[in-house]
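# Overview (structure and organization)
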Amino acid sequence: MSPTSFNRRDFLVYGGATVAGITLGQVGRRWLSRADERAGAWHEQAVETWATSVCRECPAACGLRVRLMDRTPVKLEGNPVCPVSRGRLCAKGQAALEAYFDPDRLVGPARRVGRREEGRFEPIAWADALQILATHLGRARSDRSGVLALAAEEQGALADAWTQFWTPFGGRVAWTLAAGSARLAPRMGALVGAGGEPIFDVERASYVLSFGAPLVEDWLGPVWTQRSYGRFRRGGGRSRGRFVHLEGRRSLTARKADEWLPVPADRQAFLAYGIASVLLREDRVDRDLLAELGGNLADFEREVVARYTPDNVALATGVPVVTLLRLARELAATPQPLVVVAADARPDLVDAVLALNALVGALDRPGGVYESAVARTAPEPISAASELSRLAAGAKPPAVVALRDASPLRAASSPHDLMPLFEHCDFVVSFSPYLDEAASVADLLLPTHTPLESWHALAPPTTDTLQKVACAKPVAVARLDTRGLVDVLGATAAKLGGDVAAGYAWRADADVVKAELDRLWGLRRGTLYSNVFQTEWVQQLETGGWWVAPAPSREEFGEAALRAGGWMDPFFASGAIRRRLAQRGLTLVPPAIPIEAAAANAGGLQPAVVPASFQRAADQPGASREFPLRLTLFTPACTNQMGGPNQPVLFELLGQPEGSPWRVWAELAPETARAAGLEQGSPVRITSAAGSVDAVAMVVERMPLDTVAVAYVPALKPGGRWAQLMTADVRSLWGRRDPTGPMNVRVTRV
């Protein structure tokens with residue numbers, strides 16, 4: 001066989017005879033590598049080219065520049081004209097190349113043989129696979145037995161095509177909600193009225209007070225937030241910004257902060273309202289501005305000042321009175337203060353943070369909080385985690401479950417034991433290209449292309465004032481027998497026929513993307529992804545009422561947008577918040593959680609108390625002498641919750657800079673560690689009433705004494721060769737309960 005005659009079909013025949021026929025396997029990877037080597041031998045010198053794509057390893061949708069040698073991707077870099085990343089790329093983005101070359105990727109469609117828990121599949125042809133899917137969907141539609149479609153949250157044309165496909169079946173479409181500014185929009189609307197999403201102008205702030213927002217890691221978008229944090233620290237012709245961070249563990253963000261206060265997430269709202277109380281009590285607010293904004297300030301002030309006294313706040317949070325007073329006075333004294341919050345924070349904390357921004361005059365000003373130009377009109381998307389919780393609680397299961405990817409099952413909020421969730425569902429189909437959690441529960445595997453092989457058209461989450469649509473065409477040929485998602489959905493609709501086929505106009509991913517580019521051309525505003533100078537120039541033109549078309553024709557615009565990596569509109573008219581408040585006034589939300597009970601039960605957080613053993617921690621609410629420590633769950637920034645699970649470079653980054661790679665670690669205060677006979681690096685076992693996991697101890701100064709913080713890294717026994725090496729999944733400590741709920745544990749040396 002000559003090098004050029006070795007095609008994908010030949011390989012699939014060979015691959016089907018090895019490793020059960022559904023993944024490449026080590027032998028298949030070596031065979032394919034030798035085939036590539038033989039094909040490359042026909043050239044004296046490899047041809048280098050560069051192409052543009054979009055990173056899909058997290059919701060941020062950063063632009064990519066892909067280096068190809070003889071059309072094979074070998075290196076990923078950030079797209080310098082992408083307004084999200086400006087040429088930068090995080091670790092997960094760099095690891096996307098490993099997803100493309102994953103030796104345990106699915107080679108083509110397959111169906112389950114035997115029971116689900118057995119994990120056995122057999123390869124089948126695409127025509128047969130599509131017929132199986134069409135048959136089950138047709139049956140579900142005729143008997144109205146229900147369809148549930150789950151996917152990672154995404155906005156844009158391809159996401160709309162996914163949603164549209166399930167409409168004729170009465171499908172319920174749910175999403176793994178991204179921790180972005182969209183999660184904060186409802187509380188922003190409660191404060192200032194219905195509108196858009198909050199935009200935090202971190203880089204122009206002079207002082208940032210963070211309530212759990214991981215500014216050095218992946219808050220709202222990893223590359224964007226690190227760029228903003230860097231500019232905030234550099235100052236840009238002014239003094240270096242000061243950063244104070246509150247979090248229940250000493251994260252990377254806490255290490256980089258000028259000051260870290262170890263306050264657990266469930267008590268941070270007390271401190272936020274306590275700072276508001278000091279500002280109002282000491283009259284350190286702009287009364288004239290607040291009077292202009294109007295609203296219920298008087299009622300809010302009366303309740304907060306009366307209940308959130310410095311002594312009560314100190315007892316509830318463990319933050320000394322003198323520190324509380326200093327924080328409030330620093331906020332009032334700095335010229336451009338800003339208060340930020342984690343996107344997945346509790347609603348009461350978000351309310352408190354937004355109220356603080358209103359009190360310090362941060363609404364609608366540089367270095368403060370703006371509102372996105374596009375108002376939110378659609379209802380809040382259905383949460384995949386809530387749908388899975390309903391199944392776990394015994395709700396009527398749908399006949400068909402469709403998994404676009406593994407994110408609904410891999411999320412920290414999903415139950416650890418997945419099989420019981422789907423045992424009463426007739427049919428589960430996975431469209432993921434990887435051997436992941438979706439494949440472990442599916443009856444039918446329909447692997448779609450990896451991101452480098454795919455078309456893209458999506459709106460990145462809101463991080464700044466620009467409106468953006470990221471778009472790109474495939475930069476690499478499909479390496480295996482996979483297909484585009486819309487190609488699969490369109491072919492299935494055609495097999496179903498009738499009104500299903502007539503109502504679903506799409507037959508290929510390329511058609512959806514080209515229609516989106518036509519729509520953008522028709523807007524007659526904005527421009528292509530461009531450098532900073534060009535972006536500023538277009539903004540000035542549009543502010544003056546001018547628009548210059550970025551291409552001579554619709555067709556040329558589409559090609560240019562795909563080469564640039566997207567479209568954006570830099571025009572932004574600030575002042576929307578204050579214009580709305582002039583009509584309705586502020587609605588400051590008073591605290592709903594009584595601080596008096598928290599202060600009375602917070603002995604373990606009092607700064608003067610240093611327990612010598614676990615007995616003191618056992619006095620905490622919900623704790624016992626058997627399980628005396630409160631468990632805090634956190635997800636490392638290098639954990640991939642959307643893309644391929646089998647990326648060894650990300651496992652190498654776990655626990656840095658002090659922990660051990662490829663291991664789950666547990667963070668404890670020095671006093672807590674000594675009481676348990678532990679030291680740095682000790683092997684430990686964390687036990688709850690539902691189970692136990694093994695980890696490595698990391699002793700962290702100033703950790704709360706009654707808390708152990710444990711990293712969540714997905715453990716996937718039926719996954720790829722590297723994913724299988726992760727065996728400690730902290731979600732197992734909750735059993736079938738919601739992993740985001742409270743949990744008490746004990747820690748012992750192994």
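Residues numbered from 1 in each chain as written. Predicted model: local features only at pLDDT ≥ 70, side-chain atom pairs only at ≥ 80, totals over all residues. Heavy atoms only, no water.

## A word on the environment of Pro-398
Inspection of the secondary structure assignment puts Pro-398 in the loop between helix H16 (384–392) and strand S14 (400–403). By relative accessible area, which is 13% here, Pro-398 ends up buried. When the C-alpha atoms of Pro-398 and Leu-148 are compared, they prove to be 6.3 Å apart, with 250 residues separating the residues in sequence. (Helix = DSSP H or I, 4+ residues; strand = E, 2+ residues; numbered from the N terminus. Buried < 20%, exposed > 50% of the residue type's maximum accessible area, 1.4 Å probe, protein only.)

## Overview of the packing of helix H10 (residues 268–281) against helix H13 (residues 310–317)
Each pair of packed helices gets described by two things: the angle between the helix axes and the distance between those axes. Viewed as axis vectors pointing N to C, H10 and H13 meet at an angle of 165 degrees, and their least axial separation amounts to 10 Å. It follows that H10 is roughly antiparallel to H13 by the angle criterion. The interaxial crossing formed by H10 with H13 has left-handed handedness. Contact residues: Phe-270, Leu-271, Gly-274, Val-278 and Arg-281 in H10; Pro-310, Val-313, Ala-316 and Thr-317 in H13. Of the residues in the contact of H10 with H13, the class split is six nonpolar, two polar and one charged. (Axes fitted to C-alpha atoms, helices over the stretch in contact; angles between N-to-C directions. Parallel < 35°, antiparallel > 145°, perpendicular 65-115°, else oblique. Left-handed = near helix turned anticlockwise from the far one by under 90°. Contact = heavy atoms within 4.5 Å. Nonpolar A, V, L, I, M, F, W, Y, C, P; charged D, E, K, R; others polar.)

## Overview of the sheet that holds strand S17 (residues 456–458)
An order of S17-S18-S20-S19 is seen for the four strands of this open sheet, with the pairing classed as antiparallel. Strands with a single pairing partner mark the edges of an open sheet, and in this sheet they are S17 and strand S19 (527–528). Here S19 runs beside strand S20 (residues 566–569); their pairing, made up of two bridges, is antiparallel. Bridging across to S20, Thr-527 finds its partner in Met-568. The strands touched by helix H22 (residues 509–523) are S17, strand S18 (467–472) and S20; relative to S18, the strand with the most contacts, the crossing angle is about 145 degrees. (Pairing = 2+ DSSP bridges.)

## Section: the packing of H22 against helix H24 (residues 554–564)
Taken N-terminus to C-terminus, the directions of H22 and H24 make an angle of 115 degrees; their axes are 9 Å apart at the nearest point. By the angle between their directions, the pair H22 and H24 is classed as roughly perpendicular. In the crossing of H22 with H24, the sense of the turn from one axis to the other is right-handed. Contacts between H22 and H24 involve Val-513, Leu-517, Asp-518, Leu-520 and Trp-521 from the first element and Arg-554, Phe-557, Gly-558, Ala-561 and Leu-562 from the second. By residue class, the composition of the contact of H22 with H24 is seven nonpolar, one polar and two charged.

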